[in-house]
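Architecture at a glance
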Amino acid sequence: MLFSQLCAYFEKIQDNPSQIHKINILAELFGKCKTDEIENIVMLCLANVFLSNPEKELGISSNLIAETISKAFCIKKKIIMNEWQKTGDLGITAQNLFFKKTQKMLFSSKISICDVVANLQKFAIIEGKNAQLKKIQIISSLFGSCTGLEAKYLSKIIIGNLRIGISEGIIKEAILTGFFTNILWKNMLLQKRDKKQVFEEIFELKNTNIIIEKKIIDFLKKKKNFDLFKKNNKIKLLEKKEIKDFFYKNSFFKKKNKIDFCISGETEFGNELKNKIEKKIDTSFQATNNLALIAKIAKQEGEFGLNKLDMKLFCPIKVMLAQKAQSFEDAFERVGIPSAIEYKYDGIRMQIHKNKDKIQIYTRKLENITKQFPEIEHAIKKNILCENCVIEGEAVGIDANTKKYIPFQYISQRIKRKYRIKELSEKFPVVLHIFDITYFAGKSMLLEKFSKRRKLLEKIIKQNNALLIAKQLITSSIKDAKEFYKLALKDNQEGVMIKNLNSPYIPGSRVGTMLKLKPILDTLDLVIVGAEYGKGKRKGYLSSFLLACKDEKTGEFKTIGKLGTGLKEKQEQGTTFMDLSNLIKEDILMQTDLSVFVKPKIVVEVAYEEMQKSTNYESGYALRFPRFIQIRPDKDASDINTIKDIELLKKLS
Ligand code: AMP
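Because the structure is predicted, anything quoted here is derived from the model rather than measured. (Residues numbered from 1 in each chain as written. Predicted model: local features only at pLDDT ≥ 70, side-chain atom pairs only at ≥ 80, totals over all residues. Heavy atoms only, no water.)

**Looking at the overall build of the protein**
- For the protein, the count of helices and strands is 27 helices and 23 strands.
- The principal-axis extents of the C-alpha atoms in the protein amount to approximately 90 × 65 × 60 Å.
- The buried share among the 653 residues of the protein stands at 51%.
- Pairs at least 24 apart in sequence give 70% of the contacts found in the protein among residues at least 6 apart.
- Placing the 114 positive and 78 negative side-chain charges of the protein at their respective mean positions leaves the two points 6 Å apart. (Helix = DSSP H or I, 4+ residues; strand = E, 2+ residues; numbered from the N terminus. Buried < 20%, exposed > 50% of the residue type's maximum accessible area, 1.4 Å probe, protein only. Contact = heavy atoms within 4.5 Å. Lys, Arg positive; Asp, Glu negative; His and termini not counted. Charge placed at Lys NZ, Arg CZ, Asp CG, Glu CD.)

**Description of the pairing of strand 7 (residues 358-362)**
- When you tally the buried positions in strand 7, you get four out of five residues, the bulk of the element.
- The sheet contact formed by strand 6 (residues 348-355) and strand 7 spans five bridges and is antiparallel. Residue pairing across strands places N355 opposite K358, the latter belonging to strand 7. (Pairing = 2+ DSSP bridges.)

**Here we look at the site of the ligand**
- Near the ligand there are 14 residues, and of these R349, R364, E394, K499 and K516 occur at the shortest range.
- E342 is positioned with one of its side-chain polar atoms (N or O) 2.9 Å from a nitrogen atom of the ligand.
- Calculation on the ligand without its partners gives an accessible area of 480 Å², and the protein chains cover 94% of this total.
- Contributions of two or more residues to the shell around the ligand are made by strand 4 (321-324), strand 5 (339-344), strand 13 (495-499) and strand 14 (510-517).
- With three residues, strand 5 is the single largest residue contributor to the shell around the ligand.
- Looking at the shell around the ligand residue by residue, the class counts come to six nonpolar, no polar and eight charged. (Near = heavy atom within 4 Å. Polar contact = N/O pair within 3.5 Å; in protein donor to acceptor, adjacent residues only side chain to side chain. Areas by Shrake-Rupley, 256 points an atom, 1.4 Å probe, with all protein chains shown as cover. Nonpolar A, V, L, I, M, F, W, Y, C, P; charged D, E, K, R; others polar.)

**Looking at the nonpolar core**
- Counting 79 residues, the largest nonpolar core has F3, L26, F30, V42, L44, I171 and I175 as the members making the most contacts within it.
- Excluding residues that lie within four positions of it along the chain, V42 makes contacts with F30, L51, I171, L291, A292 and A295.
- Counting 31 residues, the second-largest nonpolar core is a separate cluster that includes I359, I369, A379 and C389. (Core = buried A, V, L, I, M, F, W, Y, C linked by side-chain atoms within 4.5 Å.)

**Things to note about the confidence of the model for the protein**
- Of the residues in the protein, 91% have a pLDDT of 70 or more, and the chain-wide mean is 86.
- In the model, residues 183-192 has pLDDT below 50 throughout and makes 30 contacts with residues more than four positions away in sequence or in other chains. (pLDDT = per-residue confidence, 0-100.)

**As for unusual backbone geometry**
- That bond from I337 to P338 is cis: its omega, -10°, falls within 30 degrees of zero.
- Considering the arrangement of structural elements, one finds P338 in the loop between helix 19 (328-335) and strand 5.
- Backbone geometry places C74, a non-glycine residue, at a positive phi of 55°.
- The exposure class assigned to C74 is exposed, which follows from its relative accessible area of 64%.

**Remarks on the packing of aromatic side chains**
- Following the criterion strictly, the structure yields eleven aromatic pairs and no others.
- An angle of 50° between the planes, with centres 6.0 Å apart, marks the rings of F226 and F229 as tilted. Taken together, the residues span about one helical turn, with F226 and F229 both in helix 14 (residues 226-232) at a distance of three residues. The two residues F226 and F229 agree in class, both being buried.
- Within the aromatic cluster, the residues linked to one another by ring pairs are Y343, Y345, Y405 and F484.
- Its end group placed over the ring of F314, K358 keeps NZ or CZ at 4.1 Å from the ring centre. (Phe/Tyr/Trp six-rings, centres within 6.5 Å; stacked < 30°, edge-to-face > 60°. Lys NZ or Arg CZ within 6 Å of the ring centre and 35° of its normal.)

**Some details on the sheet that holds strand 1 (residues 209-213)**
- Pairing within the open sheet is parallel, and its three strands lie in the order 2-1-3. Strands with a single pairing partner mark the edges of an open sheet, and in this sheet they are strand 2 (234-238) and strand 3 (261-263). For this sheet the average axis-to-axis angle between neighbouring strands, irrespective of direction, equals 25°.
- Summarising the sheet, strand 1 and strand 2 pair through five bridges and their orientation is parallel. What sits directly across from I210, in strand 2, is I235.
- Strand contacts of helix 13 (residues 214-221): strand 1, strand 2 and strand 3, with the helix running at about 100° to strand 1, the strand carrying the most contacts. (Axes fitted to C-alpha atoms, helices over the stretch in contact; angles between N-to-C directions.)

**Notes on the side chain of T68**
- With respect to the helices and strands, the residue T68 is situated in helix 4 (residues 62-73).
- Residue contacts for T68: discarding those within four places in its chain leaves I136, I139, S140 and F143.

**Things to note about the environment of P429**
- Among the structural elements, P429 can be located in the loop between helix 23 (421-427) and strand 9 (430-440).
- Relative accessible area serves as the criterion here: at 18%, P429 is assigned to the buried category.
- For the pair P429 and R414, spaced 15 residues apart in the sequence, the C-alpha separation amounts to 9.8 Å.
- Residue contacts for P429: discarding those within four places in its chain leaves E375, V396, G397, I398, A400 and R414.

Printed below as a string of structure tokens:
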């Protein structure tokens, strides 16, 4: 396929704001292209020619592209920069400037999509002193054979974002529509189309293997083109139930079961099938992290092929991410009990692939950092007792002398270090705390329960100074969980993770089955200077408390935020709104219907998420999401934090 043809599709997609249309245009493109072209097409749609090799990147800045365009088009860079500022899009800039170059107006390009992909993929092996120069030469020569429209999309592809609304989600939908469409879904997916159009489409089918629900055939027979339709296609008539059985027993494998379409009146069933395939595309994506491959397999072999796709060694997958928990009560409710509580280590997340003596280490961004961590590579080779696996862990820095953990910022410099690696590894050694396994003995472990994955880790890891399994406590007790949390903080770690024992590993998602709990930040001691009455179930007592810090210069109290969370509704849960209301009611200085102003007397310890400069409060700062920790009866207003403290904390954050 010519690159110009693909660019024409991109233009259509850009001009069509509706998602459903974007999906249909892509589905049509995927259907029409050759099987050996579809991988390149998907890569260009996502502006990433390294989908099967995620550690690689083009490594070209927008500025450098502007420079290359300047050379290729013989236009001063300043003109390009001015135009870029006006349009805000380097691709459109390239196109606009191209049209100013009259001598190229009649030129018509013949570059193919394969030319574009193959040339850009060369970047993966260009290294060394003149690497940048060589890359510029390749891009210049591509620009040299481009039309204006192609220059627009080539620039966007090199930048890594087409900005026409093609996301991974849209590609997945297009694969679904393009390759797993029975007429029913098509009808559902294209809801805006009328039935007449759908039937016209049916009658256009030729050399197609079609299942038709018996109930519908009489209806179709009445249509005038039916006889021709019947002659042109191979039709199999089935009852509704038989169709269901057929699709559940046989996967959507065109070559195997020789079915291209199914026409049925059963919408529910259409939905079920759609969900089934949608899920299959999702799990294939989670395992391979490569939509280009999925599109190719779907085109070639349908669902049958997707069933065979699995995780592969040295093809890193996206990592599973955690959601925040507010407290252990909150966490246990969401994750279920008993759950696994683990140290939340403050370090570098590593996904490590091992096959015999070959080890590769990837970051959570899937960058390959094997060279930067020779001691981890060595430790894995020696101490993981299996032939192949993919494990995940957190590498935490330790002080070489005291053997105590040190914060992430000390070891973060090791990630990018390309030289004097040994020196840095001696200065900032790390210990790997392994917390998951996603592949073992040639098979994916993604769908196994967390408890089973953990047991496997315990079986295959020979623990030592450099390699440990994450500290874990399985409990249903809030008290024990809190003790464990304190221990983690005392050990200089960030907090804890709380994990559902039965959960599978879901790559790339911020899942509700793995939560993180950590101190919000340092707490502040502040004084209550006012409050507002509550509404609804908190009617009749004070529910929002105005907090102040101290101006150390004048001794005045200056407001800094309003506190409304962290207090409880019921006595047995801790300090309630009512408790605090009753306390401050004794000190009211001024009162309106809605609020009170009180003597600065009650000191409270407050946690918060962030400190912001603000003109809303007298101190010049505002606390974001302040949360009540406890009343400090041992302190009086003169002991509270000052504006100077706040300024310091703001600087540190
Ligand atoms: P977040 O990145 O904000 O979703 O927080 C989870 C991060 O904590 C993970 O990405 C890991 O890098 C890190 N982490 C530290 N210890 C653990 C552990 N025991 N289990 C899972 N993740 C952990």
